[in-house]
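The lines below spell out each chain.
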Amino acid sequence: MADINRLETWIKYKNGLCGDCMASCCTMPVEVKLPDLVRIGVVDAFELEEPIKNIAKRLEKQRVIQHFNFKNSLFTLAQRANGDCLYLDAQTRRCTIYERRPNTCRNHPKIGPKPGFCAYTRDSRSRAK
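Here's a quick rundown of the structure. (Residues numbered from 1 in each chain as written. Predicted model: local features only at pLDDT ≥ 70, side-chain atom pairs only at ≥ 80, totals over all residues. Heavy atoms only, no water.)

Okay, the pattern of salt bridges next. In total, this model carries six salt bridges according to the counting rule given. Among the ionic pairs, Arg 6 bridges to Glu 8, the shortest N-O distance being 3.1 Å. On the accessibility criterion, Glu 8 (58% relative accessible area) is exposed. One connected set of salt bridges, linked through shared partners, spans Asp 3, Arg 6 and Glu 8. (Salt bridge = Lys/Arg side-chain N within 4 Å of Asp/Glu carboxyl O. Buried < 20%, exposed > 50% of the residue type's maximum accessible area, 1.4 Å probe, protein only.)

Here's what the structure looks like:
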């Protein structure tokens, strides 16, 4: 079992690994850019003319993001109290916005804290058939 905070416990990623995982990667902070937020549907394309700090304030107030890095224009998506991503279904452990997911998620585990590796943790309910 991998520990999300101990990279040495992560395993080399291979196709199909996600099928029976607990979605460990969905408990890591997710940094996104403005185009990701538009794709997700929480920022309207018309808002792009507004100052980015106004968008960040609105999204923080709505609890969609938990942080905005002004220097890099990166938003960190909100997480639930248990660490799960806001968009992770608690029952199925599947992304509720999979088709619109941010680039950070689309590119995991090619990029991330340990490229090519993931914090795979087998789901005891074993959804894979």
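Picking up after the structure, the text goes on.
To continue, consider the nonpolar core. Core analysis: the biggest nonpolar cluster contains 20 residues, and Leu 37, Val 42, Val 43, Leu 59, Ile 65, Phe 75 and Tyr 87 have the highest contact counts within it. Mapped onto this core, the elements with two or more residues apiece are helix H1 (34–40), helix H2 (52–61), strand S3 (65–69) and strand S4 (74–77). Excluding residues within four positions of it along the chain, Leu 37 makes contact with Val 32, Val 42, Val 43, Leu 59, Phe 75 and Leu 77. (Core = buried A, V, L, I, M, F, W, Y, C linked by side-chain atoms within 4.5 Å. Helix = DSSP H or I, 4+ residues; strand = E, 2+ residues; numbered from the N terminus. Contact = heavy atoms within 4.5 Å.)

Turning next to the packing of aromatic side chains. The full count for this structure, using the stated rule, is two aromatic pairs. Taken together, a centroid distance of 4.6 Å and an interplanar angle of 85° make the contact between Phe 68 and Phe 70 edge-to-face. Between Phe 68 and Phe 75 the ring centres are 4.5 Å apart and the planes differ by 45°, which places this aromatic pair in the tilted class. The exposure classification of Phe 68 matches that of Phe 75, with both residues buried. Through pairs of rings, three or more aromatic residues link up here, namely Phe 68, Phe 70 and Phe 75. Over the ring of Phe 117 we find Lys 12, and its NZ or CZ is 5.4 Å from the ring centre. Of note, Lys 114 hangs over the ring of Phe 117, and the distance from its end group to the ring centre comes to 4.4 Å. (Phe/Tyr/Trp six-rings, centres within 6.5 Å; stacked < 30°, edge-to-face > 60°. Lys NZ or Arg CZ within 6 Å of the ring centre and 35° of its normal.)

What follows deals with unusual backbone geometry. With an omega of 5°, the peptide bond running from His 108 to Pro 109 counts as cis. Relative to the assigned elements, Pro 109 resides in the loop between helix H3 (103–106) and strand S5 (117–118). At Ser 73, a residue that is not glycine, the phi angle is positive and equals roughly 55°. Mapped onto the elements, Ser 73 comes out in the loop between S3 and S4. With a relative accessible area of 31%, Ser 73 lands in the partly exposed category. The backbone phi angle of Arg 93 is positive, close to 60°, even though this residue is not glycine. You can see Arg 93 is positioned in the loop between S4 and H3. Arg 93 sits in the buried class, given a relative accessible area of 11%.

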